[in-house]
Amino acid sequence: MLLPEAPKELKPRARRRYTDKYFVIPAIIWVAVTTQIPFLVTIVLSLLRWNLVRPDQGATFNWFNNYAYFFWDNARSSPEFWNIVLQTLLMTAYSLAACSVFGFLVALMLDHRIPLINVARTLVLGPFFVMSTTTGVIWKVTILNMTFGWYARIATALGLPIREFISESPVMLNAFLFTWQWMPFFVLIILGGLQSVSSEVLESAELDGCNWFNLTFRIKLPMIVNHIGVAIMLGLIFLSKEYGLILVTTQGGPGKSSYTLAYYIRDQLFSSKQVGRAATISVIMVAVMLVLINFLYRKIQSRIELYD
Amino acid sequence: MTGRSEALLRARRNIRNRRYVKKTVLTVAIFTFALLYFFPILYMFLTGLKTEIQAVHPRIFFKPSLETYDKILTDASMYSYLLNSVFQIVVSTLVSLLLGVPAAFAIQFGKFKKPTTNSSLRKWFITTILLPPVAIVVPMYLFFNSMGLMNKVWGLTILYVGFHIPIVIWMIHSFMTDIPRSLIEASEIDGCSRVQQILYVVLPLIRMGVFSSGMLVAVFVWNEFLLSFTLTTNSTATLAVFMSRFREQQGQFTAQLSASATICTLPALALGWSTQKALVKGLTMGAVKG
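Please read these numbers as outputs of a predicted model, since none were measured by experiment.

**Some remarks on the overall build of chain A**
- When you go through chain A residue by residue, the secondary structure sums to 14 helices and two strands.
- For chain A, the C-alpha radius of gyration of 26 Å lies well beyond 19 Å, the compact-globule estimate for 308 residues.
- Taking the principal axes of its C-alpha atoms as reference, chain A extends roughly 90 × 70 × 40 Å.
- When burial is assessed residue by residue, chain A has 41% of its 308 residues classed as buried.
- Sequence-distant contacts in chain A: of pairs separated by 6 or more residues, those separated by 24 or more amount to 71%.

Here it is, written out as structure tokens:
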């Protein structure tokens, strides 16, 4: 009785099938059903002519006419679509450039060993955790308000003319606020990179008489370029869904001068009720983003291979 | 002899002094910057403690009162948004972790028929992070509208889980690469089942990683706006949507606005700050290795 039966001992090995897949399958299904399949549906929708205001017309297959509409037809009468593309690209470029440059500089600053440095890091990290609608409302009301805000007060004290950024330079304003909110994320990643630079390298560079400038831009910077690349990649994704900030600060205005593609999608869907056209813009946007991200990803990979 | 050593001492003291001055200047500069950078949030906290009349003028020093908080917390309009937000972060975070942790485990340590499956699965999940919610807004709006999911709080949760599983996997996986493979093999020989391995071997080792990725998901969900704004009605919307309602009120009710904004901000700040260190580790490792 006490002896184990021979077949029983063999059983586990004989039964050993690849059961690990059951740990991944639920996650795969959930992710596919909520992200990738809907995206395929978006692509199909972008080929349809479907106006919700005219249910009698229904949805009809339209080939690539929606794309043609934005690229050529609409552009002939008014360059609305291309303007919005330009604004989106500008806002993205401004924000990500500012985030990278200032993020690097601030990370350098926060990389020092001074008392209570963690408090300073925590303070700088703060804006990252604020929801974008709150960011917009708070800046608009307490700082940029032309009569009651801090900006107006300081500008008056200094004798500077008070300008209304919200209507004068809406794209720059949104880029600025986005930078305020996302630079901490860049700092977080870049700081992680700076701290992983081995102290041996830095010490030997110092012994060789390397000055601050060379140490920073010729030694540290090349070693953390990948961190910046990754931060830009994620920043691009987060910026692409930035809708709340624009809605709260400028509401896309004045006119459509601070519309981005994400804002335009909602405009097409809710104001014009054009399902097909809204889907078309999504597809265009995702395509552009994937091209950009792919480009960045390749760069990062090639650098990793170079250093390995 | 004494003259020389005195000169040497003086020179040394000079160097030390200079270093000391440099450090002090640096400290002051860093803290000035940090405080200025944080100032909008700080001022928001302060304004919430003002009365409406005090809030009109931008001042830092004033007599604080809880009058405004009293007003907004007794007003029921914010409650349903707050409850919805809490529901979203709790359920989405838990479900994302529940599905993400075993998946990350299987990707790192699991055995599949094809040995390349592990890395291709990892790549698949990471590329899903790159798909922005904008890509699915249109069909999801139609779907939610026709199924009446707009009026259900959990409708949005399904999407949140889907969008955050890849992030969980990405972060947890980077923590799991620290666990030596031999440990898993040893526990396998000792007769641990996969579930036991996850529960008793892996989880205790990457507690911080699990915690911090959960917190990151919670912060993202708490702050998410695009989907919540598009796919909800008044009764199911989250706090981010509630905050966007303030956009029309220029300069009025600044104190109320600030107090509400503080309530929206504090939980995310607290969660984020408490996991800062693990967050840095998870993000940078996931980022550079991913």
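**So, the overall build of chain B**
- If you tally the helices and strands in chain B, you get 14 helices and zero strands.
- Listing each helix as α and each strand as β along chain B from the N terminus yields α-α-α-α-α-α-α-α-α-α-α-α-α-α.
- Here chain B has a C-alpha radius of gyration of 26 Å; the compact-globule value for 290 residues is 19 Å, and the former is much larger.
- Taking the principal axes of its C-alpha atoms as reference, chain B extends roughly 80 × 65 × 30 Å.
- Put simply, chain B has 290 residues, and 43% of those count as buried.
- Of all intrachain contacts in chain B linking residues separated by at least 6 positions in sequence, the fraction that spans at least 24 positions is 80%.

**Examining the interface of chain B and chain A**
- Chain B puts 79 residues into the contact, and the matching count from chain A is 75 residues.
- Among the residues forming the side of chain B that touches chain A, the class breakdown is 58 nonpolar, 16 polar and five charged.

**Things to note about the domain arrangement of chain B**
Residue and element names in this part refer to chain B.
- Partitioning chain B into structural domains gives domain 1 (2–68) and domain 2 (74–289).
- Each of domain 1 and domain 2 was reduced to a C-alpha centroid, and the two centroids are 36 Å apart.
- Listed as interface residues are 11 residues of domain 1 and, on the opposing side, nine residues of domain 2.
- Looking at the side of domain 1 that touches domain 2, the elements that each hand over two or more residues are α1 (2–48) and α2 (52–55).
- When residues of the side of domain 1 that touches domain 2 are assigned to their parent elements, the largest contribution, five residues, is made by α1.
- The class makeup of the residues in the side of domain 1 that touches domain 2 is five nonpolar, four polar and two charged.

**A few points about the nonpolar core**
- Val187(A), Ile190(A) and Ile172(B) are the most contacted members of the largest nonpolar core, which totals 149 residues.
- Among the elements that make up this core, the one with the highest residue count is helix α9 (residues 170–196) of chain A (16 residues).
- Both of domain 1 (2–68) and domain 2 (74–289) of chain B provide at least three residues apiece to this core.

**Looking at the packing of helix α10 (residues 207–223) of chain B against helix α13 (residues 254–274) of chain B**
Residue and element names in this part refer to chain B.
- At a closest axis distance of 9 Å, the pairing of α10 and α13 adopts a crossing angle of 160 degrees. Comparing the axis directions of α10 and α13 gives the class roughly antiparallel. Note on packing geometry: the crossing formed by α10 with α13 is left-handed. Residues Met 215, Ala 218, Val 219, Trp 222 and Asn 223 of α10 pack against Pro 267, Ala 268, Leu 271 and Gly 272 of α13.
- Of the residues in the contact of α10 with α13, the class split is seven nonpolar, two polar and no charged.

**Considerations on unusual backbone geometry**
- The phi angle at Leu116(A) is positive, at roughly 65 degrees, despite the residue not being glycine.
- You can see Leu116(A) is positioned in the loop between α4 (80–110) and α5 (117–125).

**What about the confidence of the model for chain A?**
- Of all residues in chain A, 94% attain a pLDDT of 70 or more, and the chain-wide mean is 82.
- Element-level mean pLDDT values for chain A span from 49 in helix α1 (residues 6–15) of chain A up to 90 in α4(A).

**Regarding the confidence of the model for chain B**
- Averaged over every residue, the pLDDT of chain B is 84; the share at 70 or more is 95%.
- Under the prediction, the complex receives an ipTM of 0.84, its pTM being 0.85.

**Description of helix α11 (residues 212–240) of chain A**
Residues and elements named next belong to chain A.
- The end-to-end C-alpha separation of α11 is 37 Å, well short of the 42 Å expected for 29 residues at 1.5 Å each.
- Of all the bends in α11, the largest measures some 55 degrees and sits at Leu 221, one to four residues before the proline Pro 222.
- Within α11 the residues assigned to the buried category are Lys 220, Ile 224, His 227, Ile 228, Gly 229, Val 230, Ala 231, Ile 232, Met 233, Gly 235, Leu 239 and Ser 240.

**Some details on the environment of Pro55(A)**
- Residue position: Pro55(A) is located in the loop between β1 (48–50) and β2 (59–61).
- As a C-alpha pair, Pro55(A) and Leu188(A) span 133 residues in sequence and 50 Å in three-dimensional space.

Reading guide: rules and limits
- Residues numbered from 1 in each chain as written.
- Chains lettered and ligands numbered in written order.
- Predicted model: local features only at pLDDT ≥ 70, side-chain atom pairs only at ≥ 80, totals over all residues.
- Helix = DSSP H or I, 4+ residues; strand = E, 2+ residues; numbered from the N terminus.
- Rg over C-alpha atoms; globule rule 2.2 N^0.38 Å.
- Buried ≥ 20, exposed ≤ 12 C-beta atoms within 10 Å, placed from the backbone.
- Contact = placed C-beta atoms within 7 Å.
- Nonpolar A, V, L, I, M, F, W, Y, C, P; charged D, E, K, R; others polar.
- Domains from an automatic or database assignment.
- Core = buried A, V, L, I, M, F, W, Y, C linked by C-beta atoms within 7 Å.
- Axes fitted to C-alpha atoms, helices over the stretch in contact; angles between N-to-C directions.
- Parallel < 35°, antiparallel > 145°, perpendicular 65-115°, else oblique.
- Left-handed = near helix turned anticlockwise from the far one by under 90°.
- pLDDT = per-residue confidence, 0-100.
- Expected span 1.5 Å × (residues − 1).
- Bend = angle between axes of the 7 residues up to and from the residue.

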